[in-house]
Protein chains: 2
Amino acid sequence: MTGTVSRPTLEAVAARAGVSRATVSRVVNGGDGVREPLVERVRQAVEELGYVPNQAARSLVTRRHDAVAVVIAEPETRVFADPFFALQLRGISKELTAHDSQLVLLLTEGRDDHVRVARYLAGGHVDGALVFSLHLDDPLPGLIHGAGVPTVFGGRPGWGEGVREAVYVDCDNRGGARQAVRHLLGLGRTRIAHITGALDQTSAVDRLDGYRDVMADADPALVAQGDFTPAGGERAMRELLERRPDVDAVFVANDLSALGALRVLREHGRRVPEDVAVIGFDDMLPIAEQADPPLTTVRQEIEEMGRLMARLLIRGLGDGAGAEGPVPESSGVVLPTTVVRRASA
Amino acid sequence: MTGTVSRPTLEAVAARAGVSRATVSRVVNGGDGVREPLVERVRQAVEELGYVPNQAARSLVTRRHDAVAVVIAEPETRVFADPFFALQLRGISKELTAHDSQLVLLLTEGRDDHVRVARYLAGGHVDGALVFSLHLDDPLPGLIHGAGVPTVFGGRPGWGEGVREAVYVDCDNRGGARQAVRHLLGLGRTRIAHITGALDQTSAVDRLDGYRDVMADADPALVAQGDFTPAGGERAMRELLERRPDVDAVFVANDLSALGALRVLREHGRRVPEDVAVIGFDDMLPIAEQADPPLTTVRQEIEEMGRLMARLLIRGLGDGAGAEGPVPESSGVVLPTTVVRRASA
DNA sequence: GTGAAAGCGCTAACAG
DNA sequence: CTGTTAGCGCTTTCAC
């Protein structure tokens, strides 16, 4: 194993350079207010000794960590199967990098993990947290609230303590759903079904609400429960075909499950969009474009949402604000959505 | 934003419980050697104040962090597209959780990230590192070596300083490749091609070597370069069909690219396995089983490799060993592979 | 068994 | 400009 070596301290560097610890500290942290010759001597000593500041010691006094936790309340298998997270992470990553902050990814699978994560956050390892994919029964918001770490949520958190004043970034799920359904109506479809997402998440609930806004008096049999996965989409589509064989359009809660729905429709010999029009949600390019037929869908700017979350968090950190700052009028940022027309509807 | 609160310190708890800091510390860390009534009083004070130990302060003295970094030297998009990482992470995660250690995921995309990651590791945030998916020109091994953090590599690291004594876990890539090719030979195939992985990674090189071990004097035109992605597999398969239309079998460096190869074969009207037998590598269940036809492949125990990596790291940490410990006879653990027969070969 | 005291390595006033 | 001096919050001898 590449071994542990006892690293040199500031003291050692100071001794070697023949200056005080304070001077070394100044140089290491940018070197303002230190005269050139000294700076050079110190730099050289740092180099020779291979000095790297001990973050624990530094954090202890500065209370900064230059690291932000991203918490995803979803099992690895799902996180890694769904490009949604990848995109969002990419946005976050770019923004954090620009601010010289390290991204620390924390995945939680079970309840025990929640406690561990909460301890980690409260333990002061990071300057803030970005939290995703909360579920109905999730104790995380409460735990995080208790941890007292500045937090921005991805998606409107629906439950838990401190949720009222929570800062979050989301897309206009309800409005997007309405757009989707109206698009189908515009195509002349009348028997429009909906395959929901996991209804323990606000995004799924909001999209369902949007569907209902437009289809107020539709047959309840036209709504089938999915869970945002392709398998869930398949299951739901089968149910729909059984209950309402006359269905002529379906709005699916996300692109990934739309894939499953398309598969089932093909299996049953229904042509898309001739027999059944299909519209998804997310506009996950690799999925929507590769689908057969290419998927019409509601676009949300996933990567941009990631960037925005990171930016909000960092801004909040910067001004030293927190619970004490004046509560912003709106604590949630909601990004608009647009229908992207391809072949499926 | 859920705000920053100034958390109570040990001191505060001690005051509240009417004991010394030392006693609180003992209770918080297990409570041996403290009499019951005191333990109770302290516990209550901790509860009431919502005390959580400050990790920075603790690490500063203990030099432990109860956290392990997992470094993946691959852009997010690939990491999240390839179930390989998900499986390995799952293994690691389980093992670390069992040892009460936090998993910290660090993704690196470009060269700047490498430096950032190296700084993070050297800065003493974690007790050790698990590093994956190294590429030829990757400065990471050297940087990590310099960081002096105990490290276990996933896959044999081929390059960089300190690589000779590096601890790693890998599967028998070369042997597995030989098994694959022999399996094809056993099927009576004679014009056996190979689609390589990204040849800047040792696993791809080793698999190519294994192929050559068996097909020593095969036409070089039977080897096409891929990159472990489906797109790469497609491209390589097209090349092969062009160069050697008489190809009757192909050993693909991993299941993901085999998917691409299958698609191209289908496109060209070649039946699998009748016209062309296809064998993959990895046995990524969701992929191999869903493929059409289901993919015969070389199985490696990915999740188990993850577990093993974590276990090796933790063991190394436990005995306080490192560079100073006696060098183990073999610093690499190589797991066996087996051919899993399905329909494609 | 419990408390007092000495640091872990660093930064941040404050003097000089 | 540079050095001296206090701690940050915690663990850990070492006395009692």
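Residues numbered from 1 in each chain as written. Chains lettered and ligands numbered in written order. Predicted model: local features only at pLDDT ≥ 70, side-chain atom pairs only at ≥ 80, totals over all residues. Heavy atoms only, no water.

Is there a simple way to explain the pairing of strand 2 (residues 102-107) of chain B in this structure?
All names here are of chain B. Most of strand 2 is tucked away: 6 of the 6 residues are buried. Of the two faces of strand 2, the one lined by Gln102, Val104 and Leu106 and the one lined by Leu103, Leu105 and Leu107 are each fully buried. Here strand 1 (residues 67-72) runs beside strand 2; their pairing, made up of 6 bridges, is parallel. Residue pairing for strand 2: isoleucine 72 is matched across the bridge by leucine 107. (Buried < 20%, exposed > 50% of the residue type's maximum accessible area, 1.4 Å probe, protein only. Helix = DSSP H or I, 4+ residues; strand = E, 2+ residues; numbered from the N terminus. Pairing = 2+ DSSP bridges.)

Sorry, what's going on with the sheet that holds strand 7 (residues 223-224) of chain A here?
The strands making up a sheet associate through backbone hydrogen bonding, with each pair oriented either parallel or antiparallel. Residue and element names in this part refer to chain A. Read across the sheet, 6 strands follow the order 7-6-8-9-10-12 without closing on themselves; strand pairing throughout is mixed. In the strand order of this sheet, the two ends are held by strand 7 and strand 12 (338-340), each with one partner. The sheet contact formed by strand 9 (residues 277-282) and strand 10 (residues 296-299) spans 4 bridges and is parallel. The partner of aspartate 282 across the bridge, within strand 10, is arginine 299. Across the face of the sheet, helix 12 (residues 255-267) comes into contact with strand 6 (192-195), strand 8 (249-252), strand 9 and strand 10 while running at roughly 160° to strand 9. (Contact = heavy atoms within 4.5 Å. Axes fitted to C-alpha atoms, helices over the stretch in contact; angles between N-to-C directions.)

For this particular structure, what's the right way to read the relation of the copies chain B and chain A?
Note that the two copies of the chain are related through a rotation about an axis and a translation along the same axis. Mapping chain B onto chain A calls for a rotation angle of 180° and an axial translation of 0.0 Å; the resulting RMSD is 0.1 Å. Within this description, the copies of the chain are treated as partners about a two-fold rotation axis. A shared binding surface is used by both copies, with 98% of the interface residues of chain B retained as interface residues in chain A. (Least-squares fit on C-alpha atoms with pLDDT ≥ 70 in both.)

For this particular structure, what's the right way to read the sheet that holds strand 6 (residues 192-195) of chain B?
All names here are of chain B. The strand order across the open sheet formed by 6 strands is 7-6-8-9-10-12, and the pairing between neighbours is mixed. The strands lining the two open edges of the sheet, one partner per strand, are strand 7 (223-224) and strand 12 (338-340). Its contacts with the sheet put helix 12 (residues 255-267) on strand 6, strand 8 (249-252), strand 9 (277-282) and strand 10 (296-299), and the angle it makes with strand 9 is roughly 160°.

Got a minute to help me understand the protein's contact with DNA strand C in this structure?
Around DNA strand C lies a shell of 28 residues, among which Leu10, Arg21 and Tyr51 of chain A together with Thr23 and Arg63 of chain B are the nearest. Close to the protein, within 4 Å, the atoms of DNA strand C belong to sugar or phosphate groups at a rate of 65%. Contact between DNA strand C and asparagine 54 of chain A: a phosphate oxygen at 3.3 Å from a main-chain N or O atom of the residue. If you list the elements that add at least two residues to the surface near DNA strand C, you get helix 2 (21-28) and helix 4 (55-62) of chain A together with helix 2 (21-28) and helix 4 (55-62) of chain B. Considering every element that reaches the surface near DNA strand C, the biggest residue donor is helix 4 of chain A, with 5 residues. Residues belonging to the surface near DNA strand C are distributed by class as follows: 13 nonpolar, 8 polar and 7 charged. (Near = heavy atom within 4 Å. Polar contact = N/O pair within 3.5 Å; in protein donor to acceptor, adjacent residues only side chain to side chain. Nonpolar A, V, L, I, M, F, W, Y, C, P; charged D, E, K, R; others polar.)

Explanation requested: the interface of chain B and chain A in the structure shown.
On the side of chain A, 55 residues touch chain B, which itself brings 56 residues to the contact. Approximately 5000 Å² of surface area, both sides summed, lies buried where chain B meets chain A, with 56% of it carried by carbon and sulfur atoms. Where chain B touches chain A, the interface holds 1 salt bridge. Two residues, arginine 119 of chain A and aspartate 100 of chain B, come together in a salt bridge whose shortest N-O distance is 4.0 Å. (Buried area = accessible area lost by both parts, 1.4 Å probe. Salt bridge = Lys/Arg side-chain N within 4 Å of Asp/Glu carboxyl O.)

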